[in-house]
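# Results of the structural survey
Residues per chain are reported as follows:
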Amino acid sequence: MDKIIISSSFGHEIMAVAIAKSMNLPVIIIPNKDNKEDFDKESENIFAKMAPFYSRIERISFEEKEEMTTEGWDVIRELKESRFDASLWDKMATSKLTPSFEGLRRYRQLEGKKNVLFVPQKLQSDGECGVTAAQQSLNPQVLSFMKGTANLVLGKHFHKVNDLATVEALAKEFDLYVPGMNDENPEVFGIRGVAHAEYFNMYRSLAASVGIAGTHTWILLALFPEIPQIILFNKNGVENWKDVEAAYQKAGYRIFCIGFDESTDMAELSKEIEETYKKLF
């Protein structure tokens, strides 16, 4: 199998593209659509969002779908079906996606500051990783020790109408910079559905990241592995995050993965995260 398949444009697709780059393989887009019009439209949408990551992402015709689905390597499906080869994390950790930053949106209010990405919850999830958004989330108070330690930047996807009150309350409590909320870059508010490249300079400005595993996690691992991360994950999900941690630490990066589930003592978890947080700087 000499081509890696992607069918969408979220976090696991970024992972798949990073693995493709590490193995010098092309990526082909095969949307989960059953007619030519929808297939072509979705293919263009995925290409627009993913092309900035890697120069070897290709679209195919609807007529090629069946053949390419059979011939291509669906590494994301292998991950979701617990058939993933852990050695791929080592390949990914020793490679890096290197997109152009020329002409991309800037975040001037973040420049010159100690910025830390902050993602205590998931308000939206595709539900394909074995756990719901609620199960992947923590009570933000678990991360209350972070208040005042840095310029905290909210990195989670949210619905800009339905989730607005939740986001506003969280921003007020933790004094968060929320991309697009105030007078800078209002077009990026909400994150969900916005082209990933619109945030590249925001990510590039970070000193560290602490949060629930999500799309931001994969962007940081793939493009900016040198930015220290604490990746928080529900132990019942499909990824083995401790394998990711081992691969990236072996490659020399400060990537720490801390798991939790319904039986976790949240006070102890908070202490563990706080102690690990001190290692990021």
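Residues numbered from 1 in each chain as written. Predicted model: local features only at pLDDT ≥ 70, side-chain atom pairs only at ≥ 80, totals over all residues. Heavy atoms only, no water.

This part takes up the overall build of the protein. Counting its secondary structure elements, the protein contains 11 helices and 8 strands. Its C-alpha atoms give the protein a radius of gyration of 19 Å, near enough to 19 Å, the size a compact globule of 281 residues would have. Dimensions of the protein, computed from the C-alpha atoms along their principal axes, are close to 55 × 40 × 30 Å. Here the protein holds 281 residues, and the buried ones make up 52% of them. (Helix = DSSP H or I, 4+ residues; strand = E, 2+ residues; numbered from the N terminus. Rg over C-alpha atoms; globule rule 2.2 N^0.38 Å. Buried < 20%, exposed > 50% of the residue type's maximum accessible area, 1.4 Å probe, protein only.)

Attention now goes to the environment of phenylalanine 189. Among the secondary structure elements, phenylalanine 189 is positioned in the loop between helix H7 (164–174) and helix H8 (200–204). The exposure class assigned to phenylalanine 189 is buried, which follows from its relative accessible area of 12%. As for phenylalanine 189 and tyrosine 253, which are separated by 64 residues in sequence, their C-alpha atoms are 30 Å apart. Contacts of phenylalanine 189, omitting those with residues within four sequence positions, involve Phe158, Lys160, Leu164, Val178, Pro179, Gly180 and Met181. (Contact = heavy atoms within 4.5 Å.)

Right, let's talk about the nonpolar core for a bit. Among the nonpolar cores identified, the biggest contains 60 residues, and Met15, Phe53, Val75 and Met92 are the most heavily contacted of them. The leading source of residues in this core is helix H1 (residues 11–22), at 7 residues. Dropping the residues within four chain positions of it, methionine 15 is found in contact with Val75, Ile76, Leu79, Phe84, Trp89, Met92 and Trp218. By size, the runner-up hydrophobic cluster in this structure holds 30 residues, among which are Leu138, Met146, Phe189 and Ala208. (Core = buried A, V, L, I, M, F, W, Y, C linked by side-chain atoms within 4.5 Å.)

Here we come to the sheet that holds strand S8 (residues 255–260). Pairing within the open sheet is parallel, and its 5 strands lie in the order S5-S4-S6-S7-S8. Taken across any chain shown, the strands that pair with only one partner, and hence form the sheet edges, are strand S5 (151–154) and S8. Going across the sheet, the axis of each strand differs from the next one's by a mean of 20°, ignoring polarity. In this structure, strand S4 (residues 115–119) lies alongside S5, joined through 4 bridges in parallel fashion. Looking across to S5, one finds that valine 116 is bridged to leucine 152. Helix-sheet contacts for helix H9 (residues 215–223) involve S4, strand S6 (206–212), strand S7 (229–234) and S8, and the interaxial angle to S6 is about 140°. Packing of helix H11 (residues 266–277) onto the sheet brings it into contact with S4, S6, S7 and S8, and relative to S8 it is tilted by some 180°. (Pairing = 2+ DSSP bridges. Axes fitted to C-alpha atoms, helices over the stretch in contact; angles between N-to-C directions.)

In the case of a regular strand, side chains alternate between the two sheet surfaces. Most of S6 sits out of view: 6 of its 7 residues are buried. Bridge analysis of S4 against S6 gives 5 bridges, and the strand direction is parallel. For asparagine 115, the partnering residue across the bridge sits in S6 and is leucine 206. In terms of strand pairing, S6 meets S7 through 4 bridges, oriented parallel. Each bridged residue has a counterpart across the sheet, and for glycine 211 the counterpart in S7 is isoleucine 231. This β-α-β element, S6 to H9 to S7, shows right-handed connectivity. (Right-handed = clockwise from strand over helix to strand, strands pointing away.)

Here 3 strands make up an open sheet; going across it, the order is S1-S2-S3 and the pairing parallel. In this open sheet, the two strands that pair with only one neighbour each are strand S1 (4–6) and strand S3 (57–59). Direction aside, neighbouring strands of the sheet carry axes that sit 35° apart on average. With 3 bridges joining them, S1 and strand S2 (residues 27–29) adopt parallel strand pairing. Residue isoleucine 5 lies in a different strand from S2, and its bridge partner there is isoleucine 28. This element, H1, spans S1, S2 and S3 of the sheet and lies at about 160° to S1.

So, on to the pattern of salt bridges. Tallying each qualifying case throughout the model produces 16 salt bridges. Glutamate 44 is the partner of arginine 59 in a salt bridge, and the nearest nitrogen-oxygen pair spans 3.0 Å. Of this pair, arginine 59 sits in strand S3 while glutamate 44 is found in helix H2 (residues 36–50), placing the two residues 15 residues apart along the sequence. A residue is classified by how much of its surface remains accessible, and glutamate 44, at 42% relative accessible area, is partly exposed. When the shortest N-O distance is used, the salt bridge between glutamate 81 and arginine 83 registers 2.8 Å. Given the relative accessible area of 39%, glutamate 81 is considered partly exposed. A relative accessible area of 45% means that arginine 83 is categorised as partly exposed. It is possible to trace a salt-bridge network through shared partners that takes in Asp74, Arg77, Glu81 and Arg83. (Salt bridge = Lys/Arg side-chain N within 4 Å of Asp/Glu carboxyl O.)

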